Every structure is written in structure tokens, then in C-alpha cells.
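# Reading the structure
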Amino acid sequence: GLTFDEVTGKVNLSRDAILDFAKQSEEAMRAERLSRYLSDLTDSQLDLGVQSALTNRQLADANARYEEATKWIADFTQNSTLGEYALRLWNDEWQKYNSQMMSSAKEVRELKKQQDELQNSLENVNEQIDNAKEVYNEYQKKLDETADAATESGKKAASGFAEGSDSASGEIEQAGKRV
């Protein structure tokens, strides 16, 4: 990268140094894009979790309605004689619970399918997050190494500047005494 050359007292602006610096900048931009991507995936993960919780609640409610309807129909059927059963077959209550049983059974099937789809999506997002984190950590490691090298180079440059400044101050002082 762009480093301080202690021999010349200048920043190394060779072709290779500039190319290294450009590559490091590109890595930093990739890491930033990856960080935004991770943030988006995390948002998706949260949304899927909320949708999954809502679907679980709807599924529990639909199951409860189904159980209520099947219990009423079973009780009605067991407690009725054949004649009463025939008379009550079109009874409003029986029709209500039969309709509830049919619609809640359909709703349960649809919600279970939706829940499976949400679970698959959530697993997919979790896998993407894990993969993106791996790549991000690699980029971050490279950037940290580059930052450490740049910091060390900067310290050397500052030290060289300070030494040069002290030397220049001494020379100015000497020149002032001579005058």
C-alpha cells in the first residue's frame, strides 16, 4: 500500500503501491456493501420470524375451531338416536359446526403449508446470513490488517517528520547564532 519510505522521507507512490491502495479501497467498499446486505438479511429474518409467529397463532386458532366443531358433531352423533339425528341433520347448530369444521380444516391445511414455506424461507435467510458473515469477517480481517499496517506506517511517517522538524529547528537555531 501507500507507505512511508524512511530512506527518502516520502510516501511510496510507486505503481504497485497505488494498485495495492486501490485494491484495499475496493475491499473496503465490498465490506460496506456486504454489511448493508447483512443488515437487509437480518431485517428479512426478523420479518419472517414475525410472520411465522402470526401464522402459528392463526394455526392454533384454526385448530381450536376445528376441534370444537368435531367435538360438537361427535357429541351430537353419539347422543342422538337415528330418528333424532335425521331430524336434526338440518338443524342450524349442526350446519354451523359442520361448516366450521370444513372451513377450519381447510384453513389448517393452508396455514400449515404457509408455515412450511416460511420455515424454508427462514432457513434460507439464515444460511445466507451465515455465508455473508463469513465473507464479511474475511474482508474485515484484511481491512484490519491494512489499517494496522497504515497506522504503523503513519507512526513512522510522523516520527520521521518530527525528527526532521527537530533537525530543521536545530539547524535554524544554529543559523540564527551564526548571524
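Reference entry: report on the structure contained in this document. Being a predicted model, the structure only gives us computed values, none of them experimental.

Rules behind the numbers
Residues numbered from 1 in each chain as written. Predicted model: local features only at pLDDT ≥ 70, side-chain atom pairs only at ≥ 80, totals over all residues. Heavy atoms only, no water. Helix = DSSP H or I, 4+ residues; strand = E, 2+ residues; numbered from the N terminus. Contact = heavy atoms within 4.5 Å. Areas by Shrake-Rupley, 256 points an atom, 1.4 Å probe, with all protein chains shown as cover. Patch = residues over 30% accessible without salt bridge, like charges linked within 9 Å, V, L, I, M, F, W, Y side chains within 5 Å. Salt bridge = Lys/Arg side-chain N within 4 Å of Asp/Glu carboxyl O. Lys, Arg positive; Asp, Glu negative; His and termini not counted. Charge placed at Lys NZ, Arg CZ, Asp CG, Glu CD. Core = buried A, V, L, I, M, F, W, Y, C linked by side-chain atoms within 4.5 Å. Buried < 20%, exposed > 50% of the residue type's maximum accessible area, 1.4 Å probe, protein only.

This part covers the overall build of the protein chain. The secondary structure content of the protein chain amounts to 3 helices and 2 strands. Counting from the amino terminus, the protein chain carries its helices and strands in the arrangement β-β-α-α-α. Looking at the protein chain alone, contacts between residues at least 24 apart form 75% of all its contacts between residues at least 6 apart. Here the protein chain displays about 13000 Å² of accessible surface, and carbon together with sulfur accounts for 52% of that area.

Moving on to a negative patch on the surface. A cluster of acidic residues, Glu127, Asp130, Glu134 and Glu138, forms a negative patch on the protein surface. Mapping Glu138 onto the fold places it in helix 3 (residues 92-178).

Counting 12 residues, the largest nonpolar core is built from Ala31, Leu34, Leu38, Leu41, Leu48, Leu118, Leu122, Val125, Ile129, Ala132, Tyr139 and Leu143. At 7 residues, helix 3 tops the list of elements feeding residues into this core. Residues contacting Leu143, with those up to four places away along its chain left out, are Gln24, Glu27, Ala28 and Ala31. Ala69, Phe76, Trp94 and Tyr97 belong to the second-largest nonpolar core, a separate cluster that totals 6 residues.

Right, let's talk about the environment of Ser39 for a bit. Here Ser39 lies in helix 1 (residues 15-79). Sequence separation between Ser39 and Ile129 is 90 residues, and the spatial gap between their C-alpha atoms is 9.2 Å.

Oppositely charged side chains can pair when the atoms bearing their charge come close. Counted under the stated rule, the structure contains 5 salt bridges. Asp61 is the partner of Arg57 in a salt bridge, and the nearest nitrogen-oxygen pair spans 3.7 Å. Here the residue Arg57 and the residue Asp61 both occupy positions in helix 1, the gap between them amounting to 4 residues, near one helical turn. What makes Arg57 exposed here is its relative accessible area of 56%. Among the residues examined, Asp61 registers a relative accessible area of 31% and is labelled partly exposed. Taking the shortest distance from any N to any O, the salt bridge between Arg65 and Glu107 comes out at 2.4 Å. Placement of Arg65 in helix 1 and of Glu107 in helix 3 is noted, with a sequence separation of 42 residues between them. Residues joined by salt bridges that share partners form a network here, namely Glu26, Glu27 and Arg30.

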